[in-house]
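Single-letter residue listing:
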Amino acid sequence: MKVAVVGATGLVGGVMFEVLKEHDFPITELLPVASERSVGKRIEYRGKEYTVVSLQDAVDARCDVAIFSAGGSTSLEWAPKFAEVGTVVIDNSSAWRMDPTKKLVVPEVNADELTADDLIIANPNCSTIQMVVALAPLHREFGIKRLVISTYQSFTGTGVKAVRQYTAERDGERSEEPAYHYPIFENCIPHCDVFLDNDYTKEEMKLVHETRKILGSDDIAITATAVRVPVHGGHSESVNVEFERPFTVERVRELLAEVPGVVLQDDPANNVYPMPLLAKHRDEVFVGRIRRDESIANGLNLWIVADNLRKGAATNAVQIAEYLLENNLIGREVTV
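Caption draft 1: Representation of the packing of aromatic side chains. Within the structure shown, the criterion is met by eight aromatic pairs. Aromatic side chains Tyr 152 and Trp 303 sit 5.5 Å apart centroid to centroid with 55° between the ring planes, which places their arrangement in the tilted category. With Tyr 152 in strand E9 (residues 144–154) and Trp 303 in strand E14 (residues 299–306), this residue pair connects regions lying 151 residues apart in the sequence. Put simply, the rings of Phe 142, Phe 243 and Phe 247 touch in pairs and so form one group of aromatic residues. Its end group placed over the ring of Trp 78, Lys 81 keeps NZ or CZ at 4.1 Å from the ring centre.

Following this line, the structure appears as structure tokens:
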């Protein structure tokens, strides 16, 4: 595989290299790609140094796959140029997620929708990914009527600037270029992404629209509150589900135990439940605090945790690439 990693010098880009290495993805030629100001920098991968190249150089190289973690504007401009030369783009930004002509993919849920014609594939929002991995099998069996979601999202999801802000504040220093309007150290900020006209944030509405698209159900009622928290290890979510049909908690646990990539941590009597401290550097989605919502019929509460830089971004993208490779959807001669 000739592989380009676009946004190679960013926070997610660095994790992308870690995941590609750990998953032993078969790379025969690697192209780290970044903005013009980073061209010429050196990136180490598997004990070898690679020179960062420009986006145009990467297009000209006609890679098999390009994994983008470089922001929406870059993806909108450059993903079509890669696709035009036959390179399959897996994009981590929000640029293509709600495009009706593009697939929004979580491999455990809907990878079977992918075909050889999908040259731009959208990677969902980090909070959406971990949630739908757990919800998809429950939706298939019981039918989800309504979701009430509260997220507790790591500052690492905002990128390098937020990490620098947190580190400076933790060390008692002033952040020169803060990512947030307020301190994040020892604080919770109910403000993820920009506010929209309906007073929800863009992050909250991503959970609404992306969940419906991935689960293929536009009629699910969804409301969300997204909060940024001073946590390194990942995103946590309190998810209240109202089903269309009756369920048992025992059956819910059985279904979740069967999902690849889900780890049940649900033994409150022994203080066993998911936490970002335990999810950090892991690829799995952790689910616990499973209990019936006794205030409504067919109600369920779940606590879902995952490393947002891995399953919420890099790991999901690499898993998409692995699916494409295993199903002979990349690495073929492509006529464009």
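The discussion continues.
Caption draft 2: Layout of the pairing of E14. Of all eight residues in E14, seven are buried, a share of seventy percent or more. Summarising the sheet, strand E11 (residues 235–243) and E14 pair through eight bridges and their orientation is antiparallel. In the sheet register, Glu 242 faces E14, and the bridge partner there is Gly 299. As judged from the six bridges shared by strand E13 (residues 285–293) and E14, these two strands associate in the antiparallel manner. The residue bridging Arg 292 from the neighbouring strand is Leu 300, located in E14. Joining the antiparallel neighbours E13 and E14 is a turn of five residues, in which Asn 298 adopts a positive phi near 60°.

Caption draft 3: Region of interest: the environment of Gly 86. Residue position: Gly 86 is located in the loop between helix H3 (72–84) and strand E6 (88–91). Along the chain, Gly 86 and Leu 119 lie 33 residues apart, while their C-alpha atoms are 7.2 Å from each other.

Caption draft 4: View of a nonpolar patch on the surface. On the surface, Tyr 273, Met 275, Leu 277 and Leu 278 cluster together into a nonpolar patch covering about 380 Å² of accessible area. Relative to the helices and strands, Leu 278 is located in helix H9 (residues 276–279).

Caption draft 5: Broad picture of the side chain of Thr 128. Assignment of secondary structure puts Thr 128 in helix H5 (residues 126–142). The residues contacting Thr 128, other than those within four sequence positions of it, are Lys 206, Leu 207, Glu 210, Thr 211, Ile 214 and Glu 237.

Rules of the game
All residue numbers refer to positions counted from 1 along the written sequence of the respective chain. Reporting of local features is limited, given that this is a predicted model, to residues whose pLDDT is at least 70; pairs of side-chain atoms are given and counted only at 80 or more, and all residues count toward the totals for whole chains, interfaces and linings. Working from all heavy atoms in the structure, the side-chain values ignore hydrogens and water. In this analysis, rings of Phe, Tyr and Trp, with Trp reduced to its six-membered ring, are considered paired at centre separations within 6.5 Å, and the interplanar angle assigns stacked below 30 degrees, edge-to-face beyond 60, and tilted for intermediate values. Under the scheme used here, helices are H or I runs from DSSP no shorter than 4 residues and strands are E runs no shorter than 2 residues, and both carry numbers assigned from the N terminus. Whether a charge sits over a ring depends on NZ of Lys or CZ of Arg being within 6 Å of the ring centre and within 35 degrees of the ring normal. Partly exposed residues are those whose accessible area sits between 20% and 50% of the maximum for their type, while under 20% is buried and over 50% is exposed, using a 1.4 Å probe and protein chains only. Only strands that DSSP links by at least two bridges are regarded as paired with each other. Residues enter a patch when their relative accessible area is above 30% and they make no salt bridge; the linking distance is 9 Å between like charges and 5 Å between nonpolar side chains (Val, Leu, Ile, Met, Phe, Trp, Tyr). Computed with the Shrake-Rupley method and a 1.4 Å probe, the accessible areas treat only the protein chains shown as cover for residues. By convention in these notes, a salt bridge is any Lys or Arg side-chain nitrogen within 4 Å of a carboxyl oxygen on Asp or Glu. Should any heavy atoms of two residues lie within 4.5 Å, those residues are counted as being in contact.

The analysis is restricted to geometry; functional conclusions fall outside its scope.
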